[in-house]
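Next come the chains, spelled out residue by residue.
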Amino acid sequence: MNEIALRGRWLKRAVVTLALAAPIIAANAGTVQAADPELVMKVGITPGPGSLPGLEVVHFGEMVKERTNGAIDVQLFASSLLGKENTQIEGLVAGTHDGFAHVSAYTGRVKEERYWDLPFLFPDVESVKRVAQGPLRPEIEEYYRKYGMELIALWGYGYRQFFGNKRPYNVPDDLKGIKHRIPGGKSKQILFTALGANPSTVTFSELYQALKAGVVDSQDNPLSISYETKFHEVTKYLSICNYIYNPQIFAVGLPFWNKVPDKYKKILKEVGRESEDWSYELMTKLDNETLDKIKQEAPHMEINYCKKEDLAKWQEVAKPVYDAFIEDTSQEWFDKIKKTAAGG
């Protein structure tokens, strides 16, 4: 409980909510309590309750509770309590799970969403927002329905950065021969194979031990998630390359969605969209704070920044990922994403 309050102490509202949920947090799940709710929404995440996704779900739950006068009770189940990534996303479609906040599990299932796996497509957060919140949003939501899910929010999550034990990554050749953990998904497999690495699929809950034992040499995740999971304790190098931006994708399964009374569906969608800007601000703040914490707590760690003059080398190696995305979807869809991200 104190750890959660410490990590999010500046975010008073979230901390208050977590405090109210103390009995559930003791079991590693946070709950936004509601008196005599008409409907319970169980939301799973893979990192801990004090992580950025955990705070985002709690904030969403508070807003839903307020807007529905307690009729919908959003419950957070952190640390993979509802199962591993594939178990949870398959559960959405099958109707055994309600909601899930993740990234790669969705891009692995919804091929039209794999633009989130395209390296160096999003140069800044504004380009992310133009795609996530702009004119393509209705079309994006339709793709989720096609795969049996209802998209609720595209929250902030952050640029993925490399934590490793062999050497710093400055240019693509630095990954040759590296046993790099990937969360799964076609795009990541193609990219790290093209880089000459040995991609290895490891679930998030097993990743800390895999790094510590040398099962894998490196991993990549947003800074706040890597810090919250203490990956800086078991790695030596942090390479900041901003190579891929990931949102935190939050969706529910259509079996659950069909049980939601119509009067509340609109509220859930509105709250999902309204919580997005808040989450981007939180993400930026956490990233800045997290880098300072890593420097203080892991003085052994060598930190490097990829250089702009090497960007063309990375883009050249990443070309097969773009080609695969276009082949799996269409040139038209890719052109829409690229143009929208660029502000066109």
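Treat the numbers as computed from the prediction; the structure is a model and nothing was measured.

Rules of the game
Throughout this document, residue positions are counted from 1 along each chain, in the order its sequence is written. Residues qualify for local features only when their pLDDT is at least 70, as the model is predicted, and side-chain atom pairs are given and counted only at 80 or more; totals for whole chains, interfaces and linings, by contrast, use all residues. With hydrogens and water stripped out, all remaining heavy atoms of the structure feed into the side-chain values. Numbering goes from the N terminus for both helices and strands, where a helix is a DSSP run of H or I of at least four residues and a strand is a run of E of at least two. Using a 1.4 Å probe, accessible areas were evaluated by the Shrake-Rupley method; residue-level cover was limited to the displayed protein chains. A residue's pLDDT is simply how confident the predictor is in it, with values from 0 to 100. Every residue pair with non-hydrogen atoms within 4.5 Å of one another is taken to be in contact. Each Phe, Tyr or Trp ring (for Trp, its six-membered ring) is paired with any other whose centre lies within 6.5 Å, and the angle between the two planes then decides the class: stacked below 30 degrees, edge-to-face above 60, tilted in between. Three labels apply to residues, based on accessible area from a 1.4 Å probe with only protein chains included: buried if under 20% of the type maximum, exposed if over 50%, partly exposed otherwise in between. Working note: the arc is built from the helix axis to C-beta atom directions. The pairing criterion for strands is at least two bridges between them, as found by DSSP. Orienting the strands away from the viewer, one traces the path from the first strand over the helix to the second; a clockwise path indicates a right-handed crossover.

**Some remarks on the overall build of the protein**
Scanning the protein from terminus to terminus reveals 15 helices and 10 strands. As displayed, the protein offers around 14000 Å² of accessible surface, 50% of which is attributable to carbon and sulfur atoms.

**Considering the confidence of the model for the protein**
A residue-level look at the protein finds 90% of positions with pLDDT of 70 or above and a mean pLDDT of 91. Residue range residues 1–34 is modelled with pLDDT below 50. Its contacts to residues more than four positions away, or to other chains, number 66 contacts.

**Some points on the packing of aromatic side chains**
Two measures describe an aromatic ring pair: the distance that separates the ring centres and the angle between the ring planes. Following the criterion strictly, the structure yields 20 aromatic pairs and no others. With centroids separated by 6.4 Å and ring planes inclined at 85 degrees, the aromatic side chains of phenylalanine 162 and phenylalanine 192 adopt a geometry described as edge-to-face. With phenylalanine 162 in strand β4 (residues 149–164) and phenylalanine 192 in helix α9 (residues 186–194), this pair connects stretches of sequence that are 30 residues apart. For the pair phenylalanine 162 and phenylalanine 192, one class covers both residues: buried.

**Looking at the side chain of aspartate 310**
Within the fold, aspartate 310 resides in the loop between β10 (302–305) and α14 (311–328). Here aspartate 310 is in contact with Asn170 and Val171, once residues within four sequence places are set aside.

**Some details on helix α8 (residues 137–146)**
Helical geometry note: an α-helix holds 3.6 residues per turn, so side chains three or four residues apart project in the same direction. Listed as buried for α8 are Arg137, Ile140, Glu141, Tyr143 and Tyr144. Down the axis of α8, the sector holding all buried residues measures 150 degrees, keeping them to one side. Looking at α8, the residues exposed on the side facing more than 90 degrees away from the buried face are Pro138 and Lys146. On its buried face, α8 is in contact with α6 (104–109), α7 (125–132), β4, β9 (245–253), α13 (262–297) and α15 (331–341). Looking one or two places after α8, you find glycine 148, whose phi comes out positive at around 85 degrees.

**Here's the deal with the pairing of strand β5 (residues 179–182)**
Across four bridges, the pairing between β5 and strand β6 (residues 198–201) is parallel. For isoleucine 182, the partnering residue across the bridge sits in β6 and is threonine 201. A crossover links β5 with its parallel partner β6, the connecting element being α9, and its sense is right-handed.

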